[in-house]
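Descriptive structure summary
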Amino acid sequence: MTTSTVRRLLLAYAALNAVLYSMLLPLWEGFDEPFHFGYVQQLANGQGLPDARSARLSREVWQAILRAPASDPVKANLPDVVTYAEYFSWPSERRSAAQRGLRDIPRDYRWQLSNAGNYEAHHAPLAYILLAVPERLLAGIPLPPRVLVLRIIAALAGSFLLFTATVALCSELSIGEAQRNVVLFCVLSSQMTWATLAHVANDWLAVPLAVWTLVFMIRAASSPTPANLASASLILSAGLLTKAYFLALVPVLSGISAIRGSSRERKLRGFVTHLAVIAICAGPWYVRNYRLYHVVTGMQESRAGVGPFKVLGAAFALNWPSVVATSIRAALWTANNTLRSFSLVTMNLVVAVCAAAFLLWIFSRHTLREWVVVAYCAAFALAIAYAAVVVYVGTGNPLSTPSAWYAQVLVAPTLSLLLLGTARWPRIGKVLAISIALLFGYVLAVTYVFKLIPLYAGYQGRGSLRDIAALYLSRFHILSANLNSVALGPAPLIFAMTFGVILLILALEALLVRGILASCARSSSYSAPAPRPSSSARCY
């Protein structure tokens, strides 16, 4: 099968997952979704940019929060909501009435403010502006299908941008076609990719923009012309207008522009170009933040006085080994707002195989382009660590972890380095590359069939093969009816699309395994020198 065919299958896989995850997720089950939606709705209503100190949700959104079932962690923050356990204890007639109540919220409520504050109103506006257009066009339809349409738009656009950014990144790193396809498959098979992209928020744009920023940073480092530096700065500016965590990447591009160049004059010109683009494009937003809140990011923790000095003072109080281990697993799998975990054994196996591939990359010779990836990952990892300390300052819990969706910025770059390592040591590398692909596909298949569908159908029992098989075989009618009462898409379509995803997983894994074996067979004459093979010795 040709490369173009595999690429088309991967695109179909991305689109199918984007729509399926958007439909399967109950209303407001996405991370902080009603508050992000409230931001979109304020812009769609023509009410201007929100002021984080006074922004409030519309009466429509607040009524929907109170009427839709939610997870236990959400109830801990919003005591008035009904949990899934409570909701599924109701008779079907009462659940049907609750769903009708969601669809029958008066349209005029979108123009009326509730007393509930919007704690997501501090974010930069770009992603919300883009979603505000369809939200305004769809103002006449009920809230649940409106949210579904916005989710699908965000998930499809975000996954396409992430797909193309990952392809460009692999191309910049000269990763072979077989390994490149594994990187794409794993990015698209990560449950947290879809938990991050397939809900109304700003992450659908932030994550792919971060990877595109890295691509343009690599190009600027390789050829530090004013045009390349300006392009990288423009993409970074778009990121800064999407989410404040892009501030962590400014020093990386600033360093590239300051040290790369054939002469002092060229370095100075590149540095000034970089700063000018950032200042002109993104500067006004952060000046606004400072004028309104007296902090650059506008985040509520910063407004409350949690600044860099306080964070540095508290950093040593965290249990960092536990925080790092938990954060890595959460970056791979977190059950949306329900915050459940996957099998610890499986997650540890995924981490162990990835760590082995990372060691293969470490014990090879690296190019400048790869060091840019390392600098990018290191800068953002420090920002995530900063966020973990901020959470600790707010909660007092030494095991506090940052939000799992932040780490999605690192997934494509990290997987690219891992697969680059497997390509340079083909004997052991092919085993690890195949293992990574099989594990990621397995986790996503189990996510749908064993985890999310039973969870959102009210199943609270064990997740063993025997129990789940009995659930589908003997209680399918109840399973389907319960799922229909909370998911935003019809249960028959969700089941059909899940079946399609599993078929694509099996087909793609077979093609990926064949591609890895074929690429390594072409390099059978290669013998990897220990301990540092040449950067040109790759299995592709």
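Now for a look at the structure at hand. Just so you know, these numbers come straight off a predicted model, no measurement behind them.

1. Considering the overall build of the protein
- When helices and strands are tallied, the protein shows 25 helices and 4 strands.
- Each of the three principal axes of the protein carries a C-alpha extent, and together these read 70 × 60 × 45 Å.
- The buried share among the 540 residues of the protein stands at 55%.
- Within the protein, residue pairs in contact and separated by at least 24 positions form 80% of the contacts whose partners lie at least 6 positions apart.
- For the protein, the accessible surface area stands at approximately 21,900 Å², while carbon and sulfur atoms represent 65% of it.

2. Considerations on the packing of aromatic side chains
- For the structure on display, the rule yields 18 aromatic pairs.
- Cluster of aromatic residues (ring-pair linked, three or more members): Phe31, Tyr245, Phe246, Phe380, Trp405 and Tyr406.
- Its guanidinium or amino end placed over the ring of Tyr109, Arg59 lies 3.9 Å from that ring's centre, counting from NZ or CZ.
- A cation over an aromatic ring shows up here: Lys451 above the ring of Phe342, its NZ or CZ 5.4 Å from the ring centre.

3. Considering a nonpolar patch on the surface
- Judged by side-chain polarity, Phe358, Leu359, Ile362 and Phe363 come together as a nonpolar surface patch covering roughly 340 Å² of accessible area.
- Among the structural elements, Leu359 can be located in helix α19 (residues 344–362).
- What makes Leu359 partly exposed here is its relative accessible area of 45%.

4. Comments concerning the packing of helix α18 (residues 320–332) against α19
- Direction vectors running N to C along α18 and α19 enclose 95°, while the axes themselves pass 10 Å from each other. When the axis of α18 is compared with that of α19, the two are roughly perpendicular. The segment α18 lies against α19, with Ile328, Arg329 and Leu332 engaging Leu344, Met347, Asn348, Val350 and Val351.
- Of the residues belonging to the contact of α18 with α19, the class tally is 6 nonpolar, 1 polar and 1 charged.

5. Considerations on the layout of surface pockets
- A volume near 310 Å³ is recorded for the second largest pocket.
- If you go around the second largest pocket, you meet 17 residues; those closest to its centre are Gln99, Arg103, Asn484, Ser485 and Val486.
- When residues of the lining of the second largest pocket are assigned to their parent elements, the largest contribution, 7 residues, is made by helix α6 (residues 92–103).
- Of the residues contributing to the lining of the second largest pocket, the split by class is 8 nonpolar, 6 polar and 3 charged.

6. Regarding unusual backbone geometry
- Residues other than glycine seldom take positive phi values, yet Asp32 does so here, at roughly 55°.
- Despite not being glycine, Asn336 shows a phi value in the positive range, around 55°.
- Structurally, Asn336 can be placed in the loop between α18 and α19.
- Since its relative accessible area comes to 0%, Asn336 is described here as buried.

7. Regarding the side chain of Arg146
- Structurally, Arg146 can be placed in helix α8 (residues 143–172).
- At 2.7 Å, the side chain of Arg146 and the side chain of Glu60 are in polar contact.
- At 3.2 Å, the side chain of Arg146 forms a polar contact with the backbone oxygen of Ile141.
- With residues up to four places along the chain from it excluded, the contact list for Arg146 reads Phe37, Gln41, Glu60, Arg110, Glu135, Leu138, Ala139 and Ile141.

8. Thoughts on the environment of Ala68
- As for its position among the elements, Ala68 is in the loop between α3 (59–67) and β2 (69–70).
- Considering only alpha carbons, one finds Ala68 and Glu29, 39 residues apart in sequence, at a separation of 9.6 Å.
- Contact partners of Ala68, with chain neighbours within four places excluded, come to Leu27, Trp28, Val82 and Leu102.

9. Side note on the environment of Pro492
- Looking at where Pro492 falls in the secondary structure, it is placed in helix α25 (residues 491–522).
- Taking the C-alpha atoms as reference points, Pro492 and Ser480, separated by 12 residues in sequence, lie 7.6 Å from one another.

10. Remarks on the packing of helix α9 (residues 177–189) against helix α21 (residues 408–424)
- Their axes nearest at 9 Å, the elements α9 and α21 cross at an angle of 145°. Where α9 crosses over α21, the handedness of that crossing is right-handed. Note on element contacts: α21 touches α9 through Val411, Ala412, Leu415, Ser416, Leu419, Thr422 and Ala423, opposite Gln179, Val182, Val183, Cys186 and Val187.
- Residue composition of the contact of α9 with α21, grouped by class: 9 nonpolar, 3 polar and no charged.

11. Description of the nonpolar core
- Judged by nonpolar contacts, the single largest core of 179 residues is most densely connected at Tyr13, Trp28, Phe246, Tyr376, Tyr456 and Leu483.
- With 17 residues, the top contributor of residues to this core is helix α22 (residues 426–456).
- Residues in contact with Tyr376, not counting those within four places in the same chain, are Ala210, Val211, Leu214, Met217, Leu249, Val252, Val409, Leu410 and Pro413.
- Val311, Ala388, Val389 and Val390 belong to the second-largest nonpolar core, a separate cluster that totals 10 residues.

12. Some details on the pattern of salt bridges
- Under the counting rule described, the total for this entry stands at 11 salt bridges.
- Taking the shortest distance from any N to any O, the salt bridge between Glu60 and Arg146 comes out at 2.7 Å. Residue Glu60 is found in helix α3, and its partner Arg146 is found in helix α8; the two are separated by 86 residues along the sequence.
- Taking the relative accessible area as the measure of exposure, Glu60 reaches 1% and is therefore buried.
- With its nearest N and O atoms 3.2 Å apart, the salt bridge here joins Glu135 to Arg146. Here Glu135 is found in helix α7 (residues 126–137), whereas its partner Arg146 is found in helix α8, with 11 residues between them in sequence. For the residue pair Glu135 and Arg146, the accessibility class agrees, reading buried in each case.
- A cluster of three or more residues bridged by salt bridges with shared partners is formed by Glu60, Arg110, Glu135 and Arg146.

Reading guide: rules and limits
Residues numbered from 1 in each chain as written. Predicted model: local features only at pLDDT ≥ 70, side-chain atom pairs only at ≥ 80, totals over all residues. Heavy atoms only, no water. Helix = DSSP H or I, 4+ residues; strand = E, 2+ residues; numbered from the N terminus. Buried < 20%, exposed > 50% of the residue type's maximum accessible area, 1.4 Å probe, protein only. Contact = heavy atoms within 4.5 Å. Areas by Shrake-Rupley, 256 points an atom, 1.4 Å probe, with all protein chains shown as cover. Phe/Tyr/Trp six-rings, centres within 6.5 Å; stacked < 30°, edge-to-face > 60°. Lys NZ or Arg CZ within 6 Å of the ring centre and 35° of its normal. Patch = residues over 30% accessible without salt bridge, like charges linked within 9 Å, V, L, I, M, F, W, Y side chains within 5 Å. Salt bridge = Lys/Arg side-chain N within 4 Å of Asp/Glu carboxyl O. Axes fitted to C-alpha atoms, helices over the stretch in contact; angles between N-to-C directions. Parallel < 35°, antiparallel > 145°, perpendicular 65-115°, else oblique. Nonpolar A, V, L, I, M, F, W, Y, C, P; charged D, E, K, R; others polar. 1 Å grid on protein atoms, 1.4 Å probe; cavity = no way out; pocket = protein on both sides within 12 Å on 5 of 7 lines; lining within 4 Å. Points joined across faces, edges and corners; volume = space filled by probe spheres on them. Polar contact = N/O pair within 3.5 Å; in protein donor to acceptor, adjacent residues only side chain to side chain. Left-handed = near helix turned anticlockwise from the far one by under 90°. Core = buried A, V, L, I, M, F, W, Y, C linked by side-chain atoms within 4.5 Å.

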